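Commentary on secondary and tertiary structure
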Amino acid sequence: MQVQKVKGTKDLYGQEMLDWQYVEELLRSVAELYNYTEMRTPIFEKTELFKREQDSSDVVNKEMYTFTDQGGRSLTLRPEITAGIVRSVIENKLYASEELPLKYYYLGSNFRSERPQKGRYRIFNQFGIETIGSKNPILDAEGVALAYTALAVLGLKHFKLVINSLGDKKSRQLYREKLTEYFKPVISELCPDCQRRYTQNPLRILDCKVDQHHPAVINAPMVSTVLTAESQAYFTEFQAVLKLLGIPYTVDDRLVRGLDYYTEVVFELISTHPEMGAQAALVGGGRYDQLIADLGGPDLESFGFALGLERLLLALNAEEIVLETNEPLDVYFMPLAAEYQKQAVALATICRAAGWRCDLDYFARSLKAQFKSASRMQASIVAILGEDEIQASQVTLKHLASGEQVTVAMNEIVDQIEDWLAHDHAGCAVDHQHEH
Ligand code: AMP
């Protein structure tokens with residue numbers, strides 16, 4: 001019986017895995033430059049953490065993997081990570097014991113039962129940040145800058161920043177009333193989802209893929225028409241800081257985002273590469289000033305974003321960006337007979353302790369076949385163990401780039417390899433400076 005993976009999921013290996021590791025490491029290091037520390041929360045949580053009564057988003061209403069465990073509890077595989085982090089902050093009272101604002105970053109899998117397509121998977125990975133316990137447009141702009149910088153440092157060129165303000169609680173209430181009034185005469189013409197959204201959160205109608213060309217949706221009043229003076233000022237200040245940081249943006253009055261909890265500033269970083277098609281949103285986020293109180297915590301105002309790793313990798317591919325993932329082997333050990341393999345593994349262990357990447361042949365193949373493997377693995381040095389070498393307790397070392405070859409006593413192997421590798425690394429120190 002051959003079992004295949006579930007539709008909408010993905011295996012990572014080989015070069016693609018190396019690309020992922022490179023990107024993950026880069027994202028971590030950018031987050032750390034902004035003094036974020038990592039938080040990891042459980043992959044499943046109690047369903048009620050995600051399913052809040054008033055939430056109208058498709059993610060929460062239609063796409064969650066919810067199951068009943070052996071104890072009869074309803075659990076859900078997380079569709080996003082913010083809710084788990086907020087739960088942890090409240091449960092562990094981190095706001096009382098740690099410096100505010102709390103600054104966490106995360107990397108992990110999410111689960112949504114969406115229709116799979118390019119750039120849309122049922123298990124996908126997000127990197128993101130949460131800044132909890134402060135309301136300041138500088139913080140929001142800094143968060144956007146973090147995401148923007150990460151994309152730019154990876155070499156992406158074809159992307160744009162789109163921002164909007166959804167206003168504070170009062171603005172949102174006014175907008176809701178306005179939209180309820182506005183859509184009342186036409187609601188029966190809209191799709192069944194929009195009819196549900198109409199009662200739950202009419203703002204969501206603006207985000208509908210089915211009705212996006214309906215004249216009533218196109219001509220709906222903008223949120224900017226109801227922003228309170230405070231929200232307007234906040235949004236203006238946010239833009240001033242983006243300008244100060246040299247980050248170009250456009251305001252899109254239609255940007256409402258997929259989850260319900262956003263207030264004030266929202267943003268997306270969108271790939272403008274034609275190959276990205278409909279799934280071009282690389283990063284999405286904004287401010288959520290009520291979520292923590294909604295989940296039973298104190299009044300803590302927060303900001304965060306999530307970046308989709310699968311989409312980021314697709315965008316890097318679309319722009320034909322080659323990441324420097326090359327990790328050549330330092331030493332390849334070549335025992336020419338099965339009985340020399342123990343000697344090879346012992347020497348490899350000594351070299352690994354010295355910090356070098358080592359591998360060996362396990363098949364006692366011919367010298368020629370072993371040389372081929374060494375070259376495929378881009379080994380810098382090969383260490384040959386043949387009959388002569390074993391009898392004399394020696395090893396023949398060959399530096400492949402220079403062709404230089406020496407036979408040394410086994411206990412001198414570290415000194416010789418050190419000389420060659422130090423020389424090699426000195427030669428490329430300038431090229432690889434940015435890796436360190
Ligand atoms: P969201 O949590 O819906 O605001 O999404 C934030 C980011 O996660 C998006 O901009 C995408 O990059 C990524 N994302 C969301 N849903 C999916 C999915 N089903 N497959 C792949 N990436 C996704």
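Throughout what follows, the structure given in this document is the object of discussion. (Residues numbered from 1 in each chain as written. Predicted model: local features only at pLDDT ≥ 70, side-chain atom pairs only at ≥ 80, totals over all residues. Heavy atoms only, no water.)

A word on the overall build of the protein chain. Secondary structure assignment for the protein chain yields 16 helices and 16 strands. For 436 residues, the compact-globule estimate of 2.2 N^0.38 gives 22 Å, and the C-alpha radius of gyration of the protein chain, at 28 Å, exceeds that figure by more than 25%. Judged by the C-alpha coordinates and their principal axes, the protein chain covers about 95 × 55 × 45 Å. Residues classed as buried in the protein chain amount to 49% of the 436 residues present. The contacts of the protein chain with a sequence gap of at least 6 include a subset with a gap of at least 24, amounting to 69%. For the protein chain, the exposed area adds up to about 21,800 Å²; of that, 51% sits on carbon and sulfur atoms. (Helix = DSSP H or I, 4+ residues; strand = E, 2+ residues; numbered from the N terminus. Rg over C-alpha atoms; globule rule 2.2 N^0.38 Å. Buried < 20%, exposed > 50% of the residue type's maximum accessible area, 1.4 Å probe, protein only. Contact = heavy atoms within 4.5 Å. Areas by Shrake-Rupley, 256 points an atom, 1.4 Å probe, with all protein chains shown as cover.)

Moving on, we get to the packing of helix H1 (residues 14-33) against helix H6 (residues 137-153). The contact between H1 and H6 brings their axes to 10 Å, and the two run at 140 degrees. One way to sum up the angle between H1 and H6 is to call them oblique. Remark: the crossing between H1 and H6 carries right-handed chirality. Mapping the contact onto sequence places Leu26, Leu27, Val30 and Ala31 in H1 and Leu146, Ala150 and Val153 in H6. Taken together, the residues of the contact of H1 with H6 break down into seven nonpolar, no polar and no charged. (Axes fitted to C-alpha atoms, helices over the stretch in contact; angles between N-to-C directions. Parallel < 35°, antiparallel > 145°, perpendicular 65-115°, else oblique. Left-handed = near helix turned anticlockwise from the far one by under 90°. Nonpolar A, V, L, I, M, F, W, Y, C, P; charged D, E, K, R; others polar.)

What follows is about the side chain of Ser88. Tracing the sequence through the fold places Ser88 in helix H4 (residues 82-91). In contact with Ser88, other than residues within four places in its own chain, are Met39, Thr41, Lys93 and Leu94.

Attention shifts here to the pairing of strand E9 (residues 263-271). For E9, the tally of buried residues reaches nine of nine residues, placing the bulk of the element in the interior. In the sheet, strand E7 (residues 159-165) pairs with E9 via seven bridges, with the strands oriented antiparallel. Bridging from a neighbouring strand, Ser165 pairs with Val265 of E9. Direction of pairing for E9 relative to strand E10 (residues 281-288): antiparallel, over a ladder of six bridges. (Pairing = 2+ DSSP bridges.)

Nothing here speaks to function; it is geometry throughout.
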